[in-house]
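Structural features, examined
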Amino acid sequence: MRWVLLLVVSFLCVACAKSHDITPATLGYESITPRPDSVFFEVNFSSDVELLEIFWREKNANSFDQVFICALGDDTDFSIEHTISKAAMGLITENKKHSKIAGFGYTASISFKDVGEKKRTSAYLSRDAIKSLLKDKQKIPCKVVVTATGYDAYFTRSLFIPVADVFSALSDYDSLR
């Protein structure tokens, strides 16, 4: 009976998420580089809005996730309810080396993944699989998603990473090994 009550309360809390009415940030792509001895790549980008504390500044609420996500295939539905099956994703941090003239600087440590249905499983994509997914594309769309308790998820505007830069980073990754 306790579990049923907990489940009902959880559903009610989700249904009560408030709209945050925060304007979507504009992001600017800067670079993608492989991280040595790792499956991760670092994407450097700028934002015209500070993203790590956006809910605190705008709504006096704590955010608990700031995720950078890119759609590698044809599926570009970034909504929270949907899982992009072929994606590059990772958390963002402040890029302290970024010039303050161009807004706020961030680094996303991403990995390329094949995410199973309902996010139950995931596996890293091989370099060949990544190249196959991107071979007919010029750029891949990415967004930052920030979540906070009691509010709808916040989405930035799309940032686009040139596929040529991804292929270059994959080549650099091969030379680091």
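Above this text sits the structure in question.
The following refers to the structure shown.

What counts, and where the lines are drawn
- Residues numbered from 1 in each chain as written.
- Predicted model: local features only at pLDDT ≥ 70, side-chain atom pairs only at ≥ 80, totals over all residues.
- Heavy atoms only, no water.
- Disulfide = S-S within 2.5 Å.
- Helix = DSSP H or I, 4+ residues; strand = E, 2+ residues; numbered from the N terminus.
- Buried < 20%, exposed > 50% of the residue type's maximum accessible area, 1.4 Å probe, protein only.
- Core = buried A, V, L, I, M, F, W, Y, C linked by side-chain atoms within 4.5 Å.
- Phe/Tyr/Trp six-rings, centres within 6.5 Å; stacked < 30°, edge-to-face > 60°.
- Contact = heavy atoms within 4.5 Å.
- Pairing = 2+ DSSP bridges.
- Salt bridge = Lys/Arg side-chain N within 4 Å of Asp/Glu carboxyl O.

Focus: the state of the cysteines
All told, the structure shown has 1 disulfide when counted by the stated rule. The disulfide bridge from C70 ends at C142, spanning 2.0 Å between sulfur atoms. A torsion of 105° about the S-S bond marks the disulfide between C70 and C142 as right-handed. Here C142 lies in strand 7 (residues 139-148) and C70 lies in strand 3 (residues 63-71), a separation of 72 residues in the sequence. For the pair C70 and C142, a shared accessibility class is recorded, and that class is buried.

Some details on the nonpolar core
Counting residues in hydrophobic clusters, the biggest one holds 37 residues, and the most contacted among them are F45, F68 and F112. With 5 residues, the top contributor of residues to this core is strand 7. Judged by nonpolar contacts, the second largest core, of 7 residues, contains A71, F78, A87 and A153.

Considerations on the packing of aromatic side chains
Overall, the coordinates contain 3 aromatic pairs when judged by the stated rule. Where F41 meets F112, the ring centres are 5.4 Å apart and the plane angle is 80°; that geometry is what we call edge-to-face. Here F41, found in strand 2 (residues 41-47), pairs with F112, found in strand 5 (residues 104-115); they are 71 residues apart in sequence, far enough to count as distant. Judged on exposure class, the residue F41 and its partner F112 are both buried.

Here we look at the environment of K143
Residue placement: K143 occurs in strand 7. Along the backbone, K143 and A71 are 72 residues apart, and their C-alpha atoms lie at a distance of 9.1 Å. Sequence-distant contacts of K143, that is, excluding residues within four places in its chain, are made with V67, F68, I69, F78, F155, T156, R157 and S158.

Observations concerning the pairing of strand 2
When you tally the buried positions in strand 2, you get 6 out of 7 residues, the bulk of the element. Across 7 bridges, the pairing between strand 1 (residues 27-34) and strand 2 is antiparallel. Across the sheet, residue Y29 finds its bridge partner in strand 2, namely F45. Linkage of strand 1 to strand 2, two consecutive antiparallel strands, is achieved through a turn of 6 residues, within which D37 is found at a positive phi near 55°. Of the strand pairs in this sheet, strand 2 and strand 5 are connected by 7 bridges, and their pairing is antiparallel. Looking at strand 5, one finds that N44 is bridged to T107.

Observations concerning the pattern of salt bridges
Per the counting criterion, the structure on display carries 4 salt bridges. Salt-bridge contacts for R35 lead to E42; the nearest nitrogen and oxygen are separated by 3.3 Å. Look at E42 and you get partly exposed, because its relative accessible area is 26%. The closest approach of N and O atoms between K137 and D74, which form a salt bridge, is 3.2 Å. Here the residue K137 occupies a position in the loop between helix 3 (127-134) and strand 7, and D74 occupies one in the loop between strand 3 and strand 4 (86-94), the gap between them amounting to 63 residues.

Describing unusual backbone geometry
The phi angle at D37 is positive, at roughly 55°, despite the residue not being glycine. Along the chain, the position of D37 falls in the loop between strand 1 and strand 2.

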